[in-house]
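The chain contents come next:
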Amino acid sequence: MTDKDKHTEFDYDVIVIGAGMSGLYQLCRLRQRNLRVRVFEAGTGVGGTWYWNRYPGARFDSESYSYGYSFSQELLDEWDWTEHFAPQPETERYLNYVADKFDLRRDIQFSARVTSAIFDEDRNCWDIGLEDGSHHRTRFLITAVGPLSAPTMPKFEGIKDFQGESYHTGLWPKTPVDYAGKRVAVIGTGATGVQTIQEVAKTVGHLTVFQRRPNWCKPLRNKPISKAEMAEIRKDYPNIFKRCQESLSCFMHSPDPRKAMDVSEAEREAFWEQQYAEPGFSMWIGNFSDILMDREANRLVSDFVARKIRERVDDPETAELLIPTDHGFGTRRVPQETFYYEAYNQPNVDLVSILKTPIERITPTGIQTSDRHCEFDIIIYATGFDAITGSFDRIDLRGVGGESLKEKWRRALETYLGVQVAGFPNMFMLMGPHTALGNIPRSIEYNVDWVTDLIDHMRENGLTRSEPPQASVDAWTDYVIETSEGLLTNEIDSWMTGINWNVEGKQKRIVARFAGSAPYYRSRCDEVAAAGYTELMLS
Ligand code: NAP
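Every value quoted in this text rests on a predicted model; they were computed, and no experiment measured them.

A.B. asks: Even after reading the chapter, I still don't get the pattern of salt bridges, so can you show me in this structure?
C.D. replies: For side chains of opposite charge, pairing can occur when their charged atoms come near one another. Under the defined criterion, the tally for this structure stands at 44 salt bridges. The salt bridge involving R36 is made with D13; its shortest N-O contact spans 3.2 Å. Of this pair, R36 sits in the loop between α2 (21-31) and β2 (37-40) while D13 sits in strand β1 (residues 12-17), and the two are 23 residues apart along the sequence. Its relative accessible area of 35% is what places R36 among the partly exposed residues. Taking relative accessible area as the criterion, D13 reaches 9% and is therefore assigned buried. One salt bridge in this structure joins R59 and E83, with 2.9 Å as the shortest N-O distance. Taken together, the positions of R59 in the loop between α3 (49-52) and α4 (64-67) and E83 in the loop between α5 (73-78) and α6 (88-101) put the pair 24 residues apart, joining distant regions of the chain. One salt-bridge network, in which partners are shared between bridges, spans D386, D393, R410 and K506.

A.B. asks: Got a minute to help me understand a negative patch on the surface in this structure?
C.D. replies: There is a patch of like negative charges on the surface, built from D474, D478, E482 and E485. Considering the arrangement of structural elements, one finds E482 in helix α17 (residues 470-484).

A.B. asks: Please clarify how the domain arrangement of the protein should be interpreted in this entry.
C.D. replies: The extent of an interface is frequently quoted as the accessible surface area lost upon association of the parts. Entries for the protein in the domain assignment read domain 1 (3-46 + 104-150 + 387-538) and domain 2 (183-227 + 252-381). At the junction of the two partners, domain 1 supplies eleven residues and domain 2 supplies 15 residues. Across the domain 1-domain 2 interface, the total number found is one salt bridge. A salt bridge links R295 to E491, with the shortest nitrogen-to-oxygen separation between them at 3.0 Å.

A.B. asks: Just to check I follow, could you spell out the packing of aromatic side chains for this structure?
C.D. replies: When we look at a pair of aromatic rings, we describe it by the centre distance and by the angle of the planes. One pass over the structure, following the stated rule, counts 38 aromatic pairs. An aromatic cluster of three or more residues is present, and its members are Y25, W50, F60, Y67, Y69, F71, W79, W81, Y94, Y97 and F102. Looking at R54, its charged tip hangs above the ring of Y51, at a distance of 5.1 Å from the centre. Over the face of the ring belonging to F102 we find K101, whose NZ or CZ atom lies 5.7 Å from the ring centre.

A.B. asks: Help me out: how do you make sense of the sheet that holds strand β12 (residues 349-353) in this one?
C.D. replies: Strand pairing in a sheet relies on backbone hydrogen bonds. The paired strands run either parallel or antiparallel. An order of β7-β16-β8-β9-β12 is seen for the five strands of this open sheet, with the pairing classed as parallel. At either end of the open sheet lies a strand with only one pairing partner, and these are β7 (165-168) and β12. Each strand of the sheet is rotated relative to its neighbour by a mean of 15°, with strand direction disregarded. Looking at chain direction, strand β8 (residues 183-187) and strand β9 (residues 206-211) are connected through five bridges and run parallel. Bridging from a neighbouring strand, I187 pairs with F210 of β9.

A.B. asks: Got a minute to help me understand helix α7 (residues 191-200) in this structure?
C.D. replies: For an α-helix, the turn length of 3.6 residues means that residues three or four places apart are oriented alike. By the criterion of burial, α7 is predominantly enclosed, with eight of the ten residues buried. Looking at the buried residues of α7, the elements they touch are β8, β9, β11 (336-337), α13 (340-343) and β16 (378-381).

A.B. asks: Explain the site of the ligand here, please?
C.D. replies: Not every one of the 25 residues close to the ligand is listed here, only the nearest: R59, T192, R212, R332 and W495. In this structure, a nitrogen atom belonging to the ligand sits 3.4 Å away from a main-chain N or O atom of D61. One of the side-chain nitrogen or oxygen atoms of R213 is found 3.0 Å away from an oxygen atom of the ligand. The protein chains hide 87% of the 920 Å² of surface that the ligand would expose on its own. Broken down by element, the residue count for the shell around the ligand peaks at three residues, all from α7. The residue makeup of the shell around the ligand includes at least three contributed by each of domain 1 (3-46 + 104-150 + 387-538) and domain 2 (183-227 + 252-381).

Conventions used here
Residues numbered from 1 in each chain as written. Predicted model: local features only at pLDDT ≥ 70, side-chain atom pairs only at ≥ 80, totals over all residues. Heavy atoms only, no water. Salt bridge = Lys/Arg side-chain N within 4 Å of Asp/Glu carboxyl O. Helix = DSSP H or I, 4+ residues; strand = E, 2+ residues; numbered from the N terminus. Buried < 20%, exposed > 50% of the residue type's maximum accessible area, 1.4 Å probe, protein only. Patch = residues over 30% accessible without salt bridge, like charges linked within 9 Å, V, L, I, M, F, W, Y side chains within 5 Å. Areas by Shrake-Rupley, 256 points an atom, 1.4 Å probe, with all protein chains shown as cover. Lys, Arg positive; Asp, Glu negative; His and termini not counted. Charge placed at Lys NZ, Arg CZ, Asp CG, Glu CD. Domains from an automatic or database assignment. Contact = heavy atoms within 4.5 Å. Phe/Tyr/Trp six-rings, centres within 6.5 Å; stacked < 30°, edge-to-face > 60°. Lys NZ or Arg CZ within 6 Å of the ring centre and 35° of its normal. Pairing = 2+ DSSP bridges. Axes fitted to C-alpha atoms, helices over the stretch in contact; angles between N-to-C directions. Near = heavy atom within 4 Å. Polar contact = N/O pair within 3.5 Å; in protein donor to acceptor, adjacent residues only side chain to side chain.

Listed below in structure tokens is the structure:
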């Protein structure tokens, strides 16, 4: 069989897994290239994160206009954001608008969950298996599976016995859930739990929050966007995207170059007051440059936020329960809130610390802790995700010689630029481990463009296989580990350090994401492309 014959055996040139923000943009870019592309999407609609996470109160934590795609001037001209931090239904509408505008649906197969991806060495192609038993061959495999898309449930006994309604926030149903007037439990107080709690508290009969470790939250300060304001934002788009490109993590906020101790106590307090009053992540991303490196600086800012919590929560005991004691401000992802702390002042909202009184089991009617039984109509699990590598682990992904990616990464998480893995030729990851995450769509656009350029380069030069040599993988992985050193974030258990006690084998901290700057990441990738991808084995 000639190479040509082998090629025509493939069903597609490229298969993309996932029709979220990265999969949609990847499809747009490949569309212009006369390639046979198929996107397999497990959901029934586009949107990924913004399709699945339709829980009460779900919304952006990044400014809407910094989060939307920047690649199409027409799209920027046509789409009006209505809130500075858009709610999930608006974002889902936006992504549907994008899918329609660029006529993307004809290449997307919905309700198509990929269960396996096996590299066929003989044919130099990938065999993609779906849940329905079908198989599809492709030259290139692009994973657009998202870093936070594999929901995890706690391992409490009796979960299945509960006779009321129960939902994981990341698998929220499309049909409305009526919690008004009902007895509701929320388990989990990460960014998702916080958004859910403050929304449900508005109409619930009685809400009980089961908190393991509290997080440091900061006011979101959302506002509607008027037509006139949107016109101003539109004019400012070039500047907005420039700010994002120049910032360390692609947000509109950049650290203040000063160190916390460079200024007087009065100036520090005034600066933090101003940041606490500002919308968005300014206090996390735009703070003094050393708050995530210097323990004393971090202690001071944590004390400031603790004082705010004490001011806002009426009951001193509840306030103390809401103040983290095991980590400093910003060392885990900072949830943004709107009257979250005030919800605990409502007579119908209770906080249960399950560090003090652990959940023993879920019963048919509610939750049994070590000191009481509470009855509920609805239990909401806001218990997070098997992050970064979890959505890869859920696919039986096998490279050269049948090597399992899951097993390989359990031994050691290694990538080349977060895009390729040794032994997994022609598999390109969008927002994979070891890439710069931050304000994700900005990183997605770069990642997709880079992968598309590499595919172009291969086609122009008659190349059919791309794989990183171990030396390139080692150099990038070592660099990723090196840049994480000295960061307080890496001394803390969180999804960002690969910890998930609900998932077997994920109890040891790892360096799962690139903690260096996004501009550096881009310059490094640009350099590789400019040099003709010589760090890869192309054949
Ligand atoms: P998360 O931050 O991992 O929080 C999960 C919560 O569930 C934590 O409070 C955790 O407690 C608790 N939990 C997990 N297993 C438990 C168990 N067995 N028993 C009791 N409690 C348990 O997950 P998330 O809130 O879904 O957020 C994940 C990420 O998604 C965020 O950090 C953010 O990056 C992203 N997100 C973004 C937005 C946005 O931009 N608008 C909104 C929501 C989420 P411990 O802390 O003790 O582990």
